[in-house]
Amino acid sequence: MEALAPPAGAPDEALRILAQEGCIQCNKCTMNCPVHRVDVTFSPRKTILQAYLGGSDALSERDLWACLTCGECQAVCATEVPFPAFIRAKREALRSVRERTAPCKHGGYKEILAKIMAKPNLNQDRRGWIGDGLQVADAGDVIYFTGCMPYLDGVFTYTDTARIGKAAIKVMNAAGIVPMVSNAERCCGHDALWNGDRETFETLARRNVEWIRASGAKRLVTTCAECYSMLKYEYPKVVGDLNVEVVHMTQLIQELVAAGKLAFTKPVDLTVTYQDPCRLGRHSKEYDAPRAVLRAIPGVKLVEMDRIRENSMCCGVGAYANCDAQTKFLQQERLEEAASKAENLVTACPHCRIHFSCYLDGQPVDPLPDLKIIDVTDLAAQALG
Amino acid sequence: MTGGTRKIGVFICHCGGNISDVVDVNAVREFAAQQDEVVASTDFRFMCSNQGQARLQETIKEKGLDGVVVACCTPKMYEDMFRGSAKEAGMNPYLLEIANVREQCAYAHRHEPEQATEKAKALVAAQVAKVRNLRPLDVKTAPIHDGVAVIGAGIAGIHAALLLGNAGHKVTLIEKSPTIGGNMARFDKTFPTLDCAMCTLSPKMNDVFNHPNVDLMTYAEVKDAVRAPGRFTLTVVQKPRYVTDACIGCNRCTEACPVSGPKSPIKVESEWNLGLSPRKAIYLPFSQALPQQWTLDADHCYYFQRNHTCGICAKVCPADAIDFTQRPEEVQVEVGAVVVATGYRPFDASQIPQYGFGKYADVYHGLQVERLLSSTGPTNGKLLKKDGTPPQSVGIIHCVGSRDEKYRSYCSRVCCMASLKYAHLIRERTGARVYNFYMDMRANGKGYEEFYQRVASEQVGFVRGKPTRVTDQATAPEEEGKLTIVVEDTLAGVVLRVPVDMVVLSTAMDPEDVDGLLASLKLDKSPDGFVKEYHLKINPTETAVKGIFVAGCAQSPKDITDTIAQAGAAAMSASMFLGSGSMTLNPLVAEVNPDLCRACTRCSEVCEFDAVRVDPEALVAIVDETSCEGCGKCTVVCPTGAITVRQFTKTQIAASIDALAPKAVAP
Amino acid sequence: MSAVAREQGSIDETLAFLREARIPHQAGELLGYATDGSFLTLGVPTLVVFPKDEAECAALVDHAVRHGIALVPRGTGSGTAGAATAPPGSVLVDLERLGACDARGHRRGLFAPIVVDARGTPADLAKAGPDDELYVRVGAGRTSDETNRALAGHGWTVAVVPSSGYSTFGGNFATNARGSGTPAFGPFGNAVNRLRIVATTREGARVLEVTDREEVRRLAGHHGLCGLVTELDVRIAPIPKPEDMVCALLSIESEDAGHLGATIGGLMKRVAAECRYFAGEFLFIDEGIVRPDDPIRKDPVLGGTFVLPAGRRRMILLYRGRKEGMEALPRIAAEFPEVAYREITFPQFRALMAVRTAATGKALRRVNVPGAEDFIIYDPARFGDVLSRMFAAVEGASGRPVGHHYPDGIEVHYRPQAAVTRADIEAAWAMIQKLREAVLRTELTVEDRKEHGLGLALFRDGSPSRHEELRRLKAEYDPANVFCPHLLLPEIEGRFIGSSFRV
Amino acid sequence: MTEEPQVLTLCCNWCGYNAADQAGAAKIPYSPGVRIVRLMCTGMADPYYVLRAFERGFDGVLVIGCHPGQCHYKSGNLQAREQTDRLLGVVQALGIGAERLRMDAASSSEGPRFAEIVNEFTETLRKLGPSPLKEVA
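Residues numbered from 1 in each chain as written. Chains lettered and ligands numbered in written order. Predicted model: local features only at pLDDT ≥ 70, side-chain atom pairs only at ≥ 80, totals over all residues. Heavy atoms only, no water.

A. Region of the structure containing the pairing of strand S5 (residues 91–94) of chain C. Residues and elements named next belong to chain C. Burial along S5 is two-sided: the residues Val91 and Val93 and Leu92 and Asp94 are all buried. Examined bridge by bridge, strand S4 (residues 71–74) and S5 share 4 bridges and lie parallel to one another. Among the inter-strand pairings, valine 72 is bridged to a residue of S5, identified as leucine 92. (Buried < 20%, exposed > 50% of the residue type's maximum accessible area, 1.4 Å probe, protein only. Helix = DSSP H or I, 4+ residues; strand = E, 2+ residues; numbered from the N terminus. Pairing = 2+ DSSP bridges.)

B. Summary view of helix H15 (residues 288–296) of chain A. Taken together, the buried positions of H15 of chain A are Ala289, Pro290, Arg291, Val293 and Leu294 of chain A. Those residues of H15 of chain A hidden inside the fold are in contact with helix H14 (249–258), strand S4 (270–275), strand S5 (300–302), strand S6 (344–347) and helix H18 (376–382) of chain A. (Contact = heavy atoms within 4.5 Å.)

C. Here's a closer look at the state of the cysteines. Under the definition given, this model contains 2 disulfides over all chains. The disulfide partner of cysteine 196 of chain B is cysteine 199 of chain B, and the S-S distance across this bridge is 2.4 Å. The sign of the 95° torsion about the S-S bond sets the cysteine 196 of chain B-cysteine 199 of chain B disulfide as right-handed. The class of cysteine 196 of chain B is partly exposed, set by a relative accessible area of 25%. Paired through a disulfide, cysteine 15 of chain D and cysteine 66 of chain D show a sulfur-sulfur distance of 2.3 Å. As the torsion about the S-S bond is roughly 100°, the cysteine 15 of chain D-cysteine 66 of chain D disulfide counts as right-handed. Taken as a pair, cysteine 15 of chain D in the loop between strand S1 (7–12) and helix H1 (16–25) and cysteine 66 of chain D in the loop between strand S3 (60–65) and helix H3 (76–93) lie far apart in primary sequence, 51 residues in all. Of the residues examined, cysteine 15 of chain D reaches a relative accessible area of 6% and is grouped as buried. Free of any disulfide, cysteine 349 of chain A has its nearest cysteine sulfur in cysteine 224 of chain A, 4.3 Å distant. Considering cysteine sulfurs only, cysteine 399 of chain B is the nearest to cysteine 416 of chain B, which forms no disulfide, with 5.4 Å between them. Cysteine 416 of chain B sits in the buried class, given a relative accessible area of 7%. (Disulfide = S-S within 2.5 Å.)

D. Representation of unusual backbone geometry. Residue and element names in this part refer to chain B. For the bond from phenylalanine 191 to proline 192, the omega torsion is -10°, close enough to zero to count as cis. The omega torsion of the bond from leucine 290 to proline 291 falls at -5°, within 30 degrees of zero and hence cis. In this structure, proline 291 sits in the loop between strand S13 (282–283) and strand S14 (295–296). One non-glycine residue, leucine 619, adopts positive backbone phi at about 50°. Within the secondary structure, leucine 619 is located in the loop between strand S30 (612–615) and strand S31 (620–623). Its relative accessible area of 15% is what places leucine 619 among the buried residues. One non-glycine residue, glutamine 647, lies in positive phi territory at about 60°. Summarising the element assignment, glutamine 647 is placed in the loop between strand S32 (643–645) and helix H18 (650–660). For glutamine 647, a relative accessible area of 3% puts it in the buried group.

E. Quick peek at the sheet that holds strand S18 (residues 363–365) of chain B. Residues and elements named next belong to chain B. A sheet is described by the order of its strands in space; here 5 strands give the open sequence S18-S25-S19-S20-S21, paired in parallel fashion. For this open sheet the edge positions go to S18 and strand S21 (461–464), each flanked by a neighbour on one side alone. Adjacent strand axes in the sheet meet at a mean angle of 20° when their direction is disregarded. Bridging between strand S19 (residues 393–400) and strand S20 (residues 433–438) involves 5 bridges; their strand directions are parallel. Each bridged residue has a counterpart across the sheet, and for valine 394 the counterpart in S20 is valine 434. Strand contacts of helix H11 (residues 366–373): S18 and strand S25 (502–507), with the helix running at about 95° to S18, the strand carrying the most contacts. (Axes fitted to C-alpha atoms, helices over the stretch in contact; angles between N-to-C directions.)

F. Local environment of the interface of chain D and chain B. Taken residue by residue, the interface counts 46 residues in chain D and 43 residues in chain B. Together, the buried faces of chain D and chain B total about 4,200 Å²; carbon and sulfur atoms form 61% of this surface. Linking chain D to chain B there are 5 salt bridges. Counting every contact that joins chain D to chain B gives 16 residue pairs in polar contact (both at pLDDT 80 or more). Looking at the side of chain D that touches chain B, the elements with two or more residues in it are H1, strand S2 (34–39), helix H2 (47–55) and H3 of chain D. Partitioned by chemical class, the residues of the side of chain D that touches chain B number 23 nonpolar, 12 polar and 11 charged. (Buried area = accessible area lost by both parts, 1.4 Å probe. Salt bridge = Lys/Arg side-chain N within 4 Å of Asp/Glu carboxyl O. Polar contact = N/O pair within 3.5 Å; in protein donor to acceptor, adjacent residues only side chain to side chain. Nonpolar A, V, L, I, M, F, W, Y, C, P; charged D, E, K, R; others polar.)

G. Here's a closer look at the sheet that holds strand S10 (residues 214–217) of chain B. All names here are of chain B. Across the sheet, which stays open at both edges, the 5 strands sit in the order S10-S7-S6-S16-S27 with parallel pairing between neighbours. Each end of this open sheet is capped by a strand with a single partner; those strands are S10 and strand S27 (548–550). If you compare each strand with its neighbour and ignore which way they point, the axes differ by 20° on average. Sheet topology places strand S7 (residues 171–174) next to S10; 4 bridges connect them, and they run parallel. Bridge pairing in S10 links isoleucine 174 to methionine 217. The strands that helix H15 (residues 560–579) touches are strand S6 (148–151), strand S16 (337–340) and S27; relative to S27, the one it contacts most, it runs at about 170°.

Okay, structure coming up:
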């Protein structure tokens, strides 16, 4: 693999970010890296030493796009070397050198969607998927940020993502909240940021913060871990304060149940195990709210997997950048672990759900007991009766 | 070499004014010259002329071009030619693209020259963008196996096999029934010449039977076929005859065989005579059958059906040629080409109950009448009713099953002439009154109309109308004991009831039942059930599968004249195909990047040509480049972009879309 | 043919062999394998191979013998003595997947442990008594962390676990690593009952099974000289029930490091004599040892430990053991008025161990430079002298001595805290040489390379009798001298890689 | 900026593209804003191309394949129909408007039909005005 050479003299920004923390070459990151387990030539430790010795252009293009940016290496590292941030910076550098050669997966669909939503004068008609019986409004105290949900079922036909959105609105309506779902909403830009297209990310961030601030709402809730990590942690770095409190749906449900505004009356008799989405867990440090919701639902029996919370294992695809032969074996390993604990794998991110469903829909590597992938908000809605 | 600096040449054709009168070729040339990585941009009056080609080749050599865009007429005209001459000049032909500035710009927008020029620039820019992303393709070829198989030994198969054999090819002629000859051998006479069918057919049968280059396999059926580059491997089941080559043809076994005897519980009708007469278990279909070898039908033989209680044939056989131990045997036949000549079988008239076929004794279908009139037939050529007496009057009904939405929508083309032939022969031999009930008289071959006029002159009663039913219920004395044909004479405008002694149904032609064979050869059927040809008009003898040809009634109903013509054409095409020695594989097919493939089988699920399969061991999709047609359906359903069609990848198409986009938008 | 040509020839042959045998490998740009946890380098290896099972190891060794190629085994390469660095021209054999892969060669983190007794017959953990002598039979590529995760459900744990819980058992055995559990079971070699090793003859590879405990003890610490260990029976012990265990936190503050050392040295001497414990750990605390936002600062009991006025040094001592073994500890602590004693819960003990395991805690913007982090003081009474000389030598540098209190001595690790720039890293390295000069003195009863293995100094440090024994083992197990031939060269010296960092 | 609506026309090699050639040969005028890209089959027309066309400023996208049952590859056009139907929902939701995307069929001999489809579509687009995604120059 030919190394990637930015023009000479350009400051090695990626190396500067990497060298914020000192790597002691202890190999703990590589021992826990899911990609390393299936492709032994991909090794975060080797990449870091290469960068220390040869600068970040010593990194091969194969390694750059094999990384899931799931953050497990940084979580287990004693000195928290920011490897995912290094990879992101290198992808940004690459983008300016020449167009990224590995198009976003699934035919580049999400990438081009984000670019379209970055356009200025766009009046979308985003509420087609809501259907009747659910109340949403043009304004209100609580914004329900739906991100790319209206467009996912257009291509990912093996699972029904709008179902999560409907469940969220049902739960909020039950708790007396009529969420504002705005047509001015744009894609949160997560894939653009993590695939190195910083320009599109910042445009989307500015367009989104415009209507959020103008809405006068107090809180913004989202059911997607990627949107949550963007709006809560990445937007402020680009556009400053959003003037709204960003919460994930599971945090809102936990709060509503505690405040007695939400009661789960209908038991849901399922044994479930919980998949910590990387963007909600490691990236945003939210491990407990989803578990609290699951415990609050009568009839649900939560059996934890071995690798959970900071050591949770990624669903195999980060920002739709890497989906190939290797990720298939990762997904088999994780789903085998889940199937050994329960018949239902619950997660809190529509994209984990899409990737796992795509795997189950496309000939698993080895036979797997039939496992169902359910979103935690969907489960909560079922318990409302 | 994408991404590196390419050396692209743009050549704009004036097309002798067709283009240059509307499109400002100088502006387009200047525009092209400024495009990235374009190193040569010229225009010429006739790019397709020899000088045009020479100019193209010189520039390629001179500038070392590794990409060419020719702005001229539709690629359908000269794309292959331009690619050929680029190849001669040493450039990979698949780095050449055509910008269709004639049909899509000069012609379509004659009244808006500036817009036509703008659009021409955009089309050139799009093709240059695509060429920048193309990579050279090497055209793989596969050696073609030298042999050819002809399936079906009717007149079509025999004629094709003879021509191919004479052309020096090694032919394997495979026939399902015990003898070659097909349906034609059953005929008595042929129209319009009234030659005796066997007199014209048997010389060809003998030639093919004794032809040094033709290996004949009779009583053998093709069970399966596997296709590989330049080669077909046919699995042929040689059914056991239980009679060895020692057979001297003395017929003693047939005489001794008790089957179909008066008191014999096992009875079987002769397929050859289409149920008009019984036959023994061990038999020769007809006297001039080739090979002259008896066949024992184990399904109707005491030895096999009543655990060895009989063996009379073995005992009486002077040449000790009976061998009960023979078993079916599978033979692998490897050939480079296949000619499908499986012929037709008569439409089952019992499907039309109103005509009483199978209900009334003296209702026959056309082929049965051929047997009755044939000297080798059950009645030695004398037209007799079931009760053995000659008929006084015969009614012949045309289009039975043909041209009918409920049965066969097509016209079977031959039955009008066949019906006229029967009318003539019956009149000539028995003097019986003959009526022909027809809708339209289709006598459109050479000498056909003249034959029709001649038969009309022999007092044959022609009634233009399609009979509604045949009944034995008499409503008048003259109908007693007769079969009455009820018909509206559309010329006279009156309903007639015509009592006759015998009714002949001119049944439609059905394709022979070869679904299994077609499936294994990946051949399609056209809606009427016959084998689908490559192109109905200009290529009726080839099929969609390279190396497979079709001839005779297998492709659609036709008379012997057309069958011979088509068999000759099929043989010629097959011979040319084999003669070329190797077949070039279409390079513009799918390919898989193993690193990206998730073995999720979505590509094979949508592939209509069974051209991509997932290897369960290696967990990767593998494309069979000979079956892949390059349609690209798989590339859309592939989640990882692992499978792409060469020269139509996402990067290449996206690049041309960007180049075509309106300029107002920054790229 | 010149040596280089011969060497290139054999490498091409090796590549062809590996491709044909479908053993994962990587050639070309191997800058990433230039060093291990020691920051020492011998240059860049020519090839890295990743065998997944004994069969592939045997095939590789067979090929190496026939083509005269040097093999340098590596577990995860977390060793800090340079044992896992490979000189140019040699082949680095990464064994971290050995015995840990599925049929497709993918490393599986979760697995069902195979438990055997001393004779090697399978045993059922559910029916095992607390005192049974049981072992887990694991591939050499397995790590303590994942094995403990597999055993946790049954309430058992690996007996000897070095602080780098993710190092492989093969690596632990090769360096005879010490760790928690050593006070009770000794170094790692003592906790291995049987092993399989791919050794050599003059003609090719041979696979041996070593079941004699003494031979296993001799082989422990072979640093890869004798062959590729592929499978081991590693001693396991029941996880002590919290109610049977007690954890103690002793802490002492002073400006004078010497006084600290002397006091604690005296206490340690008494504890070693009168108590029996599983783990004895000490570390020096300073303001930056944990990040400002680290939750441990808010812990009601432990939070105070990290609040320290400038200029004062605090040293904390952690003990954990069975109640009956630790009864004397409060009494001994009471005899040292300056030492504060308190019992803490096991989670609190683990929280402090996490701080200690990172050797420097989660230091902001720092890198721990190894080099002087593995020496032992046999006589605890000299602890005061050693500490005062140490702090004098590293005056001004930010770094924290941490270590273990073993029955036979005090193991000290000192890693200076360099900013992540080449200049700072090189300065720290220079200072380490000064520290070694000051502390590695026989009169202070101090010996280098006791816990993390001797690495490249295998035949420089350590006792002559051990060197003799190692040469005998080498001749017996690896007559073809395929494994780590560079270790036998007396002048072998790792170069400090920090000086070629581009940070 | 020409006010002629820009239409990306994805034509299949066997029917749509030939129909365009026939329209040209018969000198039947149609809007110059039509920009044709030749694909082997409409089944190969990826949703990415449609969305990229809109993102790049095209006013409309037209997919012209074979009539059902006449696809050279048996069912490529049927898969294209299914994809286009799903994409209509996405294009409508994005605010581009479903009327700006259309799939139609014209067999290789139907030149006049091709011109008719294209002109009728261009008229619809002219009434709709330029695409909302067109960034002001």
